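Below are the chains, spelled out letter by letter.
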Amino acid sequence: MGAIKKLVRPRMNLELRGLAPKLKGYLGDRLEKEGPVSERELWGWALEFFAPQLKVSSANLTKSYKMMYGRKIGAKTAEINILNSLRLLLSTVKRELSHTEKKIILGKERLGRIFYAGGQENQIRRKIRQLLGGTGSRAEEVLKAVGKGPFAITASHKKAVEMLEYYGLVETKKIGGKFYAVPEGHVGVVELEKGETVENRKFPSHFRIWEPFSAGIWILKDGPVKKTLRFDIAAWDPKNRIFYVGLNKTYVSQKDIMMLRERVGLLHLPTKTLIFCETHSKAAGKYAESWGIELRLGVF
């Protein structure tokens, strides 16, 4: 018997002639109007651009294949080949669009790079926050955590922190021999304006404590303006190199904690926030818990 010849289906290469400039113009216009998008979203836009022509192109490919090779292909096969050709076309167009280099990877979900129009660089961070919202990813965990204080970087969160740092959403800082993620711009300089070190039972004896504590910072309004921030108590742990600021009040409301959080944020320093009180409202307790603020009762 003669050798049995294996039937090989000819490969199909489809060129979407003349579409590259049109696709680039379409994507560029949408970026101008709608702002930065992920690579996955950009592919969705390309599909929307090509959708009206997909059925016609698939039908034409089916006919062409029959004429060239004398065999039929199904509509699904034709459509897959059209989409593959569109992916190749988009790969060429993407090189000419402004984009970031670091890819957004959320566990097994890959969103790709961020594409944007010129002048939209300041919108990229907001887009990243939007993409992370509700994903339950490591990156979202880190972003939520740094809002409550320095976040110790674990091996499982390292890649997420690197991605967030690339996009300017967090910074890394070494505190007490360990690396922590802190909000971008969190590391700053303050000038001690008032306060004397004292001894009390709120902190261990080796802490350096100020009660009260006042610091001068610079903020931008019409120009640089110096502002004084006041706290009931502050403490420095020289062993672990952690700075504490706190509120010292008989009764604490949610508004008290919100105002304290605002002042702490203006410090632009990695800090831990504490509240010493005798009692507090239920809303204050929930608010403090949600922001990782420690309430110490009976140490007033």
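**Student:** Which residues make up the sheet that holds strand 1 (residues 37-38), and what values do they have?
**Tutor:** Remark on secondary structure: sheet strands pair via backbone hydrogen bonds, oriented parallel or antiparallel. One open sheet holds the 3 strands; their spatial order is 1-5-2, and the pairing between them is antiparallel. Either end of the sheet is taken by a strand with one partner, and the two such strands are strand 1 and strand 2 (98-99). Strand contacts of helix 4 (residues 124-132): strand 1 and strand 5 (114-116), with the helix running at about 140° to strand 5, the strand carrying the most contacts.

**Student:** Talk me through the sheet that holds strand 14 (residues 242-248); I want residue IDs and the actual numbers.
**Tutor:** Judged by pairing direction, the sheet is mixed, and its 5 strands sit side by side in the order 10-13-14-16-18 without closing on themselves. Pairing within the sheet leaves two strands with one partner each, and these edge strands are strand 10 (208-210) and strand 18 (294-297). Neighbour-to-neighbour, the strand axes of this sheet turn through a mean angle of 25°, independent of strand direction. Relative to strand 14, strand 13 (residues 233-237) runs antiparallel, the two sharing 5 bridges. In the strand pairing of strand 14, Ile233 is matched with Gly246.

**Student:** Tell me about the pattern of salt bridges, residues and numbers included.
**Tutor:** Across all of its chains, the model carries 11 salt bridges by this definition. Lys94 is the partner of Glu39 in a salt bridge, and the nearest nitrogen-oxygen pair spans 2.6 Å. Separated by 55 residues along the polypeptide, Glu39 in helix 2 (residues 39-69) and Lys94 in helix 3 (residues 75-94) bring together distant segments of the chain. Take Glu39 and Lys94: they sit in the same class, and that class is buried. A single salt-bridge network, built from bridges that share partners, covers Arg30, Glu34 and Glu48.

**Student:** Residue-level account of the nonpolar core, with values.
**Tutor:** Nonpolar side chains tend to gather and get buried jointly when the protein is soluble and globular. Membership of the largest hydrophobic core comes to 23 residues, with the highest contact counts inside it found for Ile104, Ile128, Leu132, Met163 and Leu164. In this structure Ile128 touches Ile104, Ile114, Tyr167 and Leu169, once residues within four positions along its chain are discounted. Core analysis: the second largest hydrophobic core is formed by 21 residues, Ala215, Leu247, Leu260 and Cys277 among them.

**Student:** Account for the confidence of the model for the chain, naming residues and giving values.
**Tutor:** Residues with a pLDDT of 70 or more make up 74% of the chain, whose mean pLDDT is 78. Of the regions scoring below 50 in pLDDT, residues 1-15 engages in 15 contacts with residues more than four places distant in sequence or in other chains.

Cut-offs and rules
- Residues numbered from 1 in each chain as written.
- Predicted model: local features only at pLDDT ≥ 70, side-chain atom pairs only at ≥ 80, totals over all residues.
- Heavy atoms only, no water.
- Pairing = 2+ DSSP bridges.
- Helix = DSSP H or I, 4+ residues; strand = E, 2+ residues; numbered from the N terminus.
- Contact = heavy atoms within 4.5 Å.
- Axes fitted to C-alpha atoms, helices over the stretch in contact; angles between N-to-C directions.
- Salt bridge = Lys/Arg side-chain N within 4 Å of Asp/Glu carboxyl O.
- Buried < 20%, exposed > 50% of the residue type's maximum accessible area, 1.4 Å probe, protein only.
- Core = buried A, V, L, I, M, F, W, Y, C linked by side-chain atoms within 4.5 Å.
- pLDDT = per-residue confidence, 0-100.

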